[in-house]
Amino acid sequence: MADLGLSFDNPLFKQFAFYSGVVIVKTMSMSVLTALNRIRNNAFANPEDYAIAKAMDKDFKPTSPNPTVERIRRCHLNDLENVITFVLIGLLYVSSGPDPATAVTYFRVFTGCRLLHTIAYVGQLPQPSRALLFFGGLAVSMLMAVDVLRKASY
Amino acid sequence: MADLGLSFDNPLFKQFAFYSGVVIVKTMSMSVLTALNRIRNNAFANPEDYAIAKAMDKDFKPTSPNPTVERIRRCHLNDLENVITFVLIGLLYVSSGPDPATAVTYFRVFTGCRLLHTIAYVGQLPQPSRALLFFGGLAVSMLMAVDVLRKASY
Amino acid sequence: MADLGLSFDNPLFKQFAFYSGVVIVKTMSMSVLTALNRIRNNAFANPEDYAIAKAMDKDFKPTSPNPTVERIRRCHLNDLENVITFVLIGLLYVSSGPDPATAVTYFRVFTGCRLLHTIAYVGQLPQPSRALLFFGGLAVSMLMAVDVLRKASY
């Protein structure tokens, strides 16, 4: 039987860790992008944030909500909804002992879809580009989930 | 000592994978429900989404925010807050070698509460139905968390 | 080779489970804090919530959105963005066989930053206290992610 353990001794888990690491770093970097755009656009969410901005710049003019900040936050929330469920269902999927070639294909398609999804979202590319990339990623997670449920049922 | 490993060779992990799979699929399906209701109600979040809707239908009238879409999104966010924390704390809980009968009861109560919670939320059932189902699920996660913290402390 | 398994037989995983348990419980408790403040401030999100509040108190006056409730919800969302990514990347990090002393330092710094972050957010402490605690936690997750990606690449 193949090594199903969740450790770097398992080559498939190591691949999963790599692609999961990439999409998690992408998700976390949305926080930094939000912070940068809040500062650049003087668009904050809390009174205490405005207080320090005003203390540092007398001519400070608050402008919240800012369309760019709100767009990045929607993209971030979309990542939370999709990347985190991918990593969780992926952990269960890797533990179920799947076909390694299929599994790695799933990880790559998902990672590609989500990286391009961010470009389409932040870059405001014409639809249906973003919708197709979104459903591509979701389809991978759903296929893994079906496999997990099927194997866990008997 | 019982097999505490996170693989399908561990019968308890296999059960955990099944119930986690069910609630993760339920959470992911909220994305699809949101998309369908955005299209049905002409309620989108981005200008580029309106552009394609208008290109496909000359008589298109935007109507955002839409109450049904916003309700589904609140239900989805509630899932993110509760289902994802359940799966994470559940992974740690299964690794701690709990009593299998207690553990499976927890998984079933949580899964039942969250499936009914969605019905109560999307179906607008009178309160306190939704509140009780919410706290039922949260109580399971908290009980597992207390057990993890207790066992991890010594 | 050290035991890299994700079970309580692995002392580093046990430590990870403890600190993850603490920050997950903190995140889940934001749900309870939101519910309490919704009731205290008569600030609900759904018509059926207002219906029961009105049935229980004839003089009920709805006041949504409420600044305290919205602040707690922003803090909760910030936890979802940061705590969940920490636990996921931490699981991969522990599986990669890191130096235990470094790892435990990371877990402690992250947990300290996030507990203080909540105090700074809910207590409305002057900036940049909250921003520094936020970036402290994010830096730990990023360092772990870089280590995971580096080890998973060869």
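Below or above, wherever it landed, is the structure these notes cover. Remember, predicted model here, so these are calculated numbers, not experimental data.

1. Digging into unusual backbone geometry
Glycine aside, the phi torsion of most residues is negative, and most peptide linkages are trans.
Thinking step 1. Note the cis peptide between glutamine 127 of chain A and proline 128 of chain A, where omega equals 5°.
Thinking step 2. With respect to the helices and strands, proline 128 of chain A occurs in the loop between helix H4 (100-122) and helix H5 (129-152).
Thinking step 3. Phi is positive for asparagine 42 of chain B, close to 55°, though the residue is something other than glycine.
Thinking step 4. If you trace the backbone, asparagine 42 of chain B turns up in the loop between helix H1 (11-40) and helix H2 (47-56).
Thinking step 5. Judged by the 17 C-beta atoms lying within 10 Å of it, asparagine 42 of chain B falls in the partly exposed class.

2. Concerning the interface of chain C and chain B
Thinking step 1. Counting residues at the interface gives 25 residues for chain C and 27 residues for chain B.
Thinking step 2. Elements supplying a minimum of two residues to the side of chain C that touches chain B: helix H1 (11-40), helix H2 (47-56) and helix H3 (67-95) of chain C.
Thinking step 3. It is H1 of chain C that provides the largest number of residues to the side of chain C that touches chain B, a total of 11 residues.
Thinking step 4. By residue class, the composition of the side of chain C that touches chain B is 14 nonpolar, seven polar and four charged.

3. Quick word on the relation of the copies chain C and chain B
Thinking step 1. The operation relating chain C to chain B is a screw motion whose rotation component is 120°, with 0.0 Å of axial translation and a residual RMSD of 0.0 Å. Here the copies are linked by what is in effect a three-fold axis. Relative to the rotation axis, the closest C-alpha in chain C is found at leucine 6 of chain C, a distance of 3.9 Å.
Thinking step 2. By residue overlap, the copies meet through two different surfaces: only 16% of the interface positions of chain C are interface positions in chain B.

Procedures and definitions
Residues numbered from 1 in each chain as written. Chains lettered and ligands numbered in written order. Predicted model: local features only at pLDDT ≥ 70, side-chain atom pairs only at ≥ 80, totals over all residues. Helix = DSSP H or I, 4+ residues; strand = E, 2+ residues; numbered from the N terminus. Buried ≥ 20, exposed ≤ 12 C-beta atoms within 10 Å, placed from the backbone. Contact = placed C-beta atoms within 7 Å. Nonpolar A, V, L, I, M, F, W, Y, C, P; charged D, E, K, R; others polar. Least-squares fit on C-alpha atoms with pLDDT ≥ 70 in both.

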